[in-house]
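# Report on the structure
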Amino acid sequence: MTSCNTRDQSSKRFKPFPIDLLQVVLRQHFRVDLKTKEPILRCNSSRDLYPLTTNFIKPPSKPIALAAVTQDRWHQRLGHPGKSLLHSDLWTSPVLSTGGHRYYILFLDDLTDFLWTYPLTNKSQVYNTFTNFHNHIHTQFKRKIKQFQCDNGTEYTNNNFKQFCHINGMHFRFSCPHTSSQNDKAERKIRTINNMIRTLLSQASLPPSFWHHALETATYLLNILPKKTHKFLSPSTLLYNVLPTYTHLRVFGCLCYPTTPSTTINKLTNRSKPCVFLGYPSNHRGYKCFDISNNQIFISRHVQFEESIFPFSIQHSNTTLDYNFLSPPFNPLLWDNVHSSQPISPPNAPHPTSLGPTPAPLAQTLSPPSAHPSDPASNTQTPPQLSPQPTPPHSVPQQPPRTMRTRAMDGITKPKQLFNLNTTSIVPILKTPYLALSTPEWYDAMQNEFSALIKNGTWETSTTPLGHEYYS
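Residues numbered from 1 in each chain as written. Predicted model: local features only at pLDDT ≥ 70, side-chain atom pairs only at ≥ 80, totals over all residues. Heavy atoms only, no water.

The protein has the name Integrase catalytic domain-containing protein in an unreviewed UniProt entry, where Centaurea solstitialis is given as its organism.

Next comes the structure, spelled out in structure tokens:
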């Protein structure tokens, strides 16, 4: 038995094992008064954990205070473990966003699962985005990034990153080439983000080029959603130690009516106009609204929402929008004629127009509410609105006559052979070479490969060295 003195004029006697102030991992635990040396508290348990209770054997000579160590104190004792490891990855979008973005990069905290995403125009912005993010972490959290996990892409494996890593004492952990599983946490997070982007765009029938607005909203929602792996605490709670609120959340892509400031309109102008809700801006406490009439985005704090109406679903009622670019890539051998029913358009056929917003018919379909609830003029009758006058078509300048003559003008053409890459039959992948030799398709493929190796002189005939055996 060993003993130790405490601040409350008592001592603890126990076997030499580590203890905690709330739970003691021992077989027998007694709390002894320092003056009388008599036990005043005993903790019994049939298991390994012994909780401290108020079952006193004898009242102590002085009051006893049993204080618990807070989570922040343990965070300080353990040396502030946050931001020791960050995961990162870059995703390429086949669809150009309305903001001109082709990529987005993510940074994921390994401890709290807090997420940062930044849309990018080109890959050359990765290094500058990372340095700005590094400064953001150092300024806001007084922490330094110790380890950085990423893939083996050229946007990371370059001289700028290596020099920055050497100057700041960071350890870069790269995955092996063609081994994305080593960066699995960032890869899974990208799939989660893309699934949420697809859901947000699909429910509101928004064009695929609006994916960067859905990305910002998905990042915001993922950071405030509780996670089962963190005892149902959200990443923002673990990072900022503040519980998030959900009363301000609204349905993405729904119809909204932001209040127009009275200083920008006259008394006879409508106090609001129909817009589309596109998320929560990061630098404002408000809502991001897309003006249907002029295709502009502005931020407003006072907004009325119609969460069951989606303006773009009215516009695209006869159009099927494709969000497959957000899905993980397919294996071409396992793609079973997904687009076999779609005809192949000739090369000279005009390309379809982009799925941009056409405000004229949509603005005529939706009308703003009668008045704001807080507006004193809400009881007055709203004058009828005049239908918009059609604008005269602009005159197209006449182009100069064509002077260059091509072979197509003289009827000289060459037949163009179109190739269909869709597979009509899939040969199963066999596990042993003996089964492959019995399959005609695999046997022909191996025979062609063997003939090519012999024709190119890949192998040379040689004798077996002494002391060695050959294997067939």
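### Observations regarding the overall build of the protein
To keep it simple, the criterion reads: Each helix is a run of H or I in the DSSP string that is no shorter than four residues. Each strand is a run of E no shorter than two, and both are numbered from the N terminus. Only protein chains enter the accessibility calculation, which uses a 1.4 Å probe. A residue is then buried if its area is under 20% of the maximum for its type, exposed if over 50%, and partly exposed in between. The contact rule is simple, with two residues in contact once any of their heavy atoms fall within 4.5 Å. Note on areas: Shrake-Rupley with a 1.4 Å probe; residue coverage comes only from the protein chains shown.
Along the protein, the regular secondary structure elements total 10 helices and 16 strands. By residue count, 30% of the 472 residues in the protein fall in the buried class. The long-range share in the protein, meaning contacts at least 24 apart out of those at least 6 apart in sequence, stands at 53%. In the structure as shown, the protein presents an accessible area of about 33,000 Å², 55% of it carried by carbon and sulfur atoms.

### Thoughts on the layout of surface pockets
The criterion, for reference: Using a 1 Å grid laid over the protein atoms alone, points where a 1.4 Å probe fits but cannot get out form a cavity; open sets with protein on both sides within 12 Å along at least 5 of 7 lines form a pocket; any residue with an atom within 4 Å of a point counts as lining. Grid points are joined across faces, edges and corners, and a volume is the space filled by probe spheres set on the points.
Approximately 1,200 Å³ is the volume found for the largest pocket. Looking at the largest pocket, it is lined by 35 residues, and the ones nearest its centre are Tyr220, Tyr280, Pro281, Ser282 and Asn283. Mapped by element, the contributors of at least two residues to the lining of the largest pocket are strand E9 (115–120), helix H5 (211–224), helix H6 (235–240) and strand E14 (287–291). Residue contributions to the lining of the largest pocket peak at eight residues, all from H5.

### Considering the state of the cysteines
By definition, a disulfide links the sulfur atoms of two cysteines through a covalent bond. This is how it is decided: In this description, a disulfide is simply a cysteine sulfur pair whose atoms lie within 2.5 Å.
All chains considered together, the criterion is met by zero disulfides. Free of any disulfide, Cys150 has its nearest cysteine sulfur in Cys165, 9.7 Å distant.

### Thoughts on a nonpolar patch on the surface
For clarity, the threshold we go by: Any residue with relative accessible area above 30% and no salt bridge may belong to a patch, with like charges joined within 9 Å and the nonpolar Val, Leu, Ile, Met, Phe, Trp and Tyr side chains within 5 Å. For salt bridges, the criterion is a side-chain nitrogen of Lys or Arg within 4 Å of an Asp or Glu carboxyl oxygen.
Together, Val427, Ile429, Leu437, Trp442, Tyr443 and Met446 line one region of the surface with nonpolar side chains, adding up to about 560 Å² of accessible area. Top element by residues in the nonpolar patch is helix H10 (residues 440–455). It accounts for three residues. Examined against the element boundaries, Ile429 turns out to sit in the loop between helix H8 (359–365) and helix H9 (433–437).

### Structural notes on the sheet that holds strand E16 (residues 303–306)
Cut-off, in case you're wondering: One bridge is not enough; two strands pair if DSSP finds at least two bridges between them. Orientation is described by axes fitted as lines to C-alpha atoms, over the contacting stretch for helices, and by angles from 0 to 180 degrees between their N-to-C directions.
The antiparallel open sheet is built from five strands, whose spatial order is E15-E14-E13-E12-E16. Edge strands, defined here as strands with exactly one partner in the open sheet, are strand E15 (296–300) and E16. The mean angle between the axes of side-by-side strands here comes to 40°, regardless of whether they run parallel or antiparallel. Where strand E12 (residues 255–258) meets strand E13 (residues 275–277), two bridges bridge the pair, whose relative direction is antiparallel. Note on E13: the bridge partner recorded for Cys256 is Cys275.

### Examining the side chain of Ser300
Using the following cut-off: Two N or O atoms form a polar contact when they lie within 3.5 Å of each other; inside protein one atom must be a possible hydrogen donor and the other a possible acceptor, and for residues adjacent in sequence the pair counts only when both atoms belong to side chains.
Checked against the element boundaries, Ser300 lands in strand E15. The exposure class assigned to Ser300 is buried, which follows from its relative accessible area of 10%. From its side chain, Ser300 meets the backbone oxygen of His302 in a polar contact 3.3 Å long. Setting aside its immediate chain neighbours within four residues, Ser300 contacts Pro258, Thr259, Gly286 and Tyr287.

### Details of the pattern of salt bridges
Here the structure, examined in full by the defined rule, presents six salt bridges. The partner of Lys185 in a salt bridge is Asp113, with the nearest N and O atoms 3.2 Å apart. Remark: Asp113 occurs in the loop between strand E8 (103–109) and E9 and Lys185 occurs in helix H4 (residues 184–204); sequence separation between them is 72 residues. With a relative accessible area of 21%, Lys185 lands in the partly exposed category. Residue class for Asp113 comes out buried when judged on its relative accessible area of 11%.

### A few points about the confidence of the model for the protein
Selection criterion: Confidence of the prediction at every residue is given by pLDDT, a number between 0 and 100.
Across the protein, the average pLDDT comes to 75, with 64% of residues at 70 or higher. The low-confidence segment residues 370–397, where pLDDT is below 50, has 11 contacts with residues more than four positions distant or belonging to other chains.

### Section: the packing of aromatic side chains
Rules: Ring pairs shown here join Phe, Tyr and Trp side chains whose ring centres sit within 6.5 Å, with only the six-membered ring taken for Trp; geometry is labelled stacked below 30 degrees between planes, edge-to-face above 60, and tilted in between.
Scanning all chains against the criterion turns up 32 aromatic pairs. Taking 5.0 Å as the distance between ring centres and 65° as the angle between the ring planes, the aromatic pair formed by Trp116 and Phe133 counts as edge-to-face. Taken together, the positions of Trp116 in strand E9 and Phe133 in helix H2 (residues 126–141) put the pair 17 residues apart, joining distant regions of the chain. One exposure class covers both Trp116 and Phe133, and it is buried.

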